[in-house]
2 protein chains.
Amino acid sequence: MPLDRELLKGSIAVLILKLLSERDMYGYEIIQESLRRSDDAFEFKEGTLYPALHQLHKRGYLRSEWRTGESGKQRKYYSLTAVGRKAARRSEKEWFVFTKIVNAILSGANS
Amino acid sequence: MPLDRELLKGSIAVLILKLLSERDMYGYEIIQESLRRSDDAFEFKEGTLYPALHQLHKRGYLRSEWRTGESGKQRKYYSLTAVGRKAARRSEKEWFVFTKIVNAILSGANS
DNA sequence: TCTACTGCCTCGTTATACGAGGTATGATAA
DNA sequence: TTATCATACCTCGTATAACGAGGCAGTAGA
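Attention here is on the structure that accompanies the text.

What counts and what doesn't
Residues numbered from 1 in each chain as written. Chains lettered and ligands numbered in written order. Predicted model: local features only at pLDDT ≥ 70, side-chain atom pairs only at ≥ 80, totals over all residues. Heavy atoms only, no water. Pairing = 2+ DSSP bridges. Helix = DSSP H or I, 4+ residues; strand = E, 2+ residues; numbered from the N terminus. Contact = heavy atoms within 4.5 Å. Axes fitted to C-alpha atoms, helices over the stretch in contact; angles between N-to-C directions. Least-squares fit on C-alpha atoms with pLDDT ≥ 70 in both. Buried < 20%, exposed > 50% of the residue type's maximum accessible area, 1.4 Å probe, protein only. Salt bridge = Lys/Arg side-chain N within 4 Å of Asp/Glu carboxyl O. Polar contact = N/O pair within 3.5 Å; in protein donor to acceptor, adjacent residues only side chain to side chain. Nonpolar A, V, L, I, M, F, W, Y, C, P; charged D, E, K, R; others polar. Expected span 1.5 Å × (residues − 1). Phe/Tyr/Trp six-rings, centres within 6.5 Å; stacked < 30°, edge-to-face > 60°.

What follows covers the sheet that holds strand β2 (residues 62–68) of chain A. Residues and elements named next belong to chain A. Across the sheet, three strands lie side by side as β1-β3-β2; this open sheet has antiparallel pairing. Two strands bound the open sheet, and with one partner strand each, they are β1 (25–26) and β2. Judged from the two bridges that link them, β1 and strand β3 (residues 74–80) form a sheet pairing that is antiparallel. In the sheet register, Met 25 faces β3, and the bridge partner there is Tyr 78. Relative to the sheet, helix α4 (residues 46–58) contacts β2 and β3, its axis offset from that of β2 by approximately 120°.

As a further point, take the sheet that holds strand β3 (residues 74–80) of chain B. Residues and elements named next belong to chain B. Across the sheet, which stays open at both edges, the three strands sit in the order β1-β3-β2 with antiparallel pairing between neighbours. Sheet topology places β1 (25–26) and β2 (62–68) at the edges, where each strand pairs with a single neighbour. Contacting β1, β2 and β3, helix α2 (residues 11–22) crosses the sheet at an angle of about 95° to β3.

The next thing to look at is the relation of the copies chain B and chain A. Superposition record for chain B on chain A: RMSD 0.0 Å, screw rotation 180°, translation along axis 0.0 Å. Expressed as an axis order, the relation between the two copies is that of a two-fold axis. Interface overlap between copies is the fraction of interface residues in one copy that are interface residues in the other; for chain B against chain A it reaches 100%, indicating a shared surface.

This part is about helix α3 (residues 27–37) of chain A. The element α3(A) is extensively covered by neighbouring structure, given that eight of its eleven residues are classed as buried. When α3(A) is considered as a whole, its buried residues turn out to be A:Gly27, A:Glu29, A:Ile30, A:Ile31, A:Glu33, A:Ser34, A:Leu35 and A:Arg37. On its buried face, α3(A) is in contact with α2 (11–22), β1, α4 and β3 of chain A together with α5 (82–106) of chain B.

All right, on to the environment of A:Met25 then. Residue and element names in this part refer to chain A. By the element assignment, Met 25 lies in strand β1. Considered as a pair, Met 25 and Phe 42 are 17 residues apart in the sequence and their alpha carbons are 17 Å apart. In contact with Met 25, not counting residues within four places along its chain, are Leu 19, Leu 20, Ile 30, Glu 33, Lys 76, Tyr 77 and Tyr 78.

A common way to express how large an interface is: the accessible area buried when the components associate. Every contact between the two is made by 40 residues of chain B and, on the other side, 40 residues of chain A. If you look at where chain B meets chain A, you find zero salt bridges. At the boundary of chain B and chain A, one finds ten residue pairs in polar contact (both at pLDDT 80 or more). Those elements that provide at least two residues to the side of chain B that touches chain A are α1 (5–8), α2, α3 (27–37) and α5 of chain B. Counting residues per element, the side of chain B that touches chain A draws most heavily on α5(B), at 14 residues. Grouping the amino acids of the side of chain B that touches chain A by side-chain chemistry returns 20 nonpolar, nine polar and eleven charged.

Moving on, we get to α5(B). Counted at 1.5 Å a residue, the expected span for α5(B) with its 25 residues is 36 Å, and the 36 Å between its end C-alpha atoms agrees. Two residues or fewer after α5(B) comes B:Gly108, characterised by a positive phi angle close to 75°.

Once that is clear, we can look at the packing of aromatic side chains. For the coordinates displayed, the defined rule picks out six aromatic pairs over all chains. Ring centres of A:Phe98 and B:Trp95 lie 6.1 Å apart, and the angle between their planes is 80°; on these two criteria the pair is classed as edge-to-face. Pair noted here: A:Phe98 is in helix α5 (residues 82–106) and B:Trp95 is in helix α5, and the two residues belong to different chains. This pair shows no difference in class: A:Phe98 is buried, exactly as B:Trp95 is.

Pasting the structure below:
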């Protein structure tokens, strides 16, 4: 069963912020890590991820820094700013509240 | 805490299909019922709901029928077609799968 | 009479996901 | 050596969506 494209919307930022709150990561790594944690169910598309990272950066949530690994390859590492850390906590909470509300409606709450 | 607008996306169809799988409803009633079940947290906007209903109708998921209540007011009732009933089950399942996957990433699964 | 609620609708704006395409490097296999 | 693959970054255009704002009309109540 493929992931419903529509459902993905809005969860992007939550996931990026959460992952970066655990450790600094570069874009490609975020994609791989999401695949790993979801047993290959959730694949960030590059056309989605990179613009999203730039937007979070523009909003002041992220810092970016080029680092060179032992392989000699350049990687752009992202880390959370103080503001970004707050946004990470807030967005995760919003996610839980939101799913709780939808589940309430789905389960026929207050019936 | 206001609902994150972005998170709402994609959950619209799931909720409409689920509500209509319980009983026939008219548009305005869907809005009221969502508010009631979510303790006023989830309000379908009319500019969102009516186009969504029309689209589901166009896809063959819904039937619509004008009925006159005892008040004399015309209401357009929607009900699920056979195809719509299948879509309702499928979309609800997709919702649970999707939230499970996101929660897995958020919780650091496979770490 | 005037306001509030019910009940339907459309249009324009804004945002977004992402497919498709591009560039460049390093590693591996033929 | 050469070709291919994985890594690693990016942008642009398209399609779609949410929804604010507006409009219409009937009913109820102050």
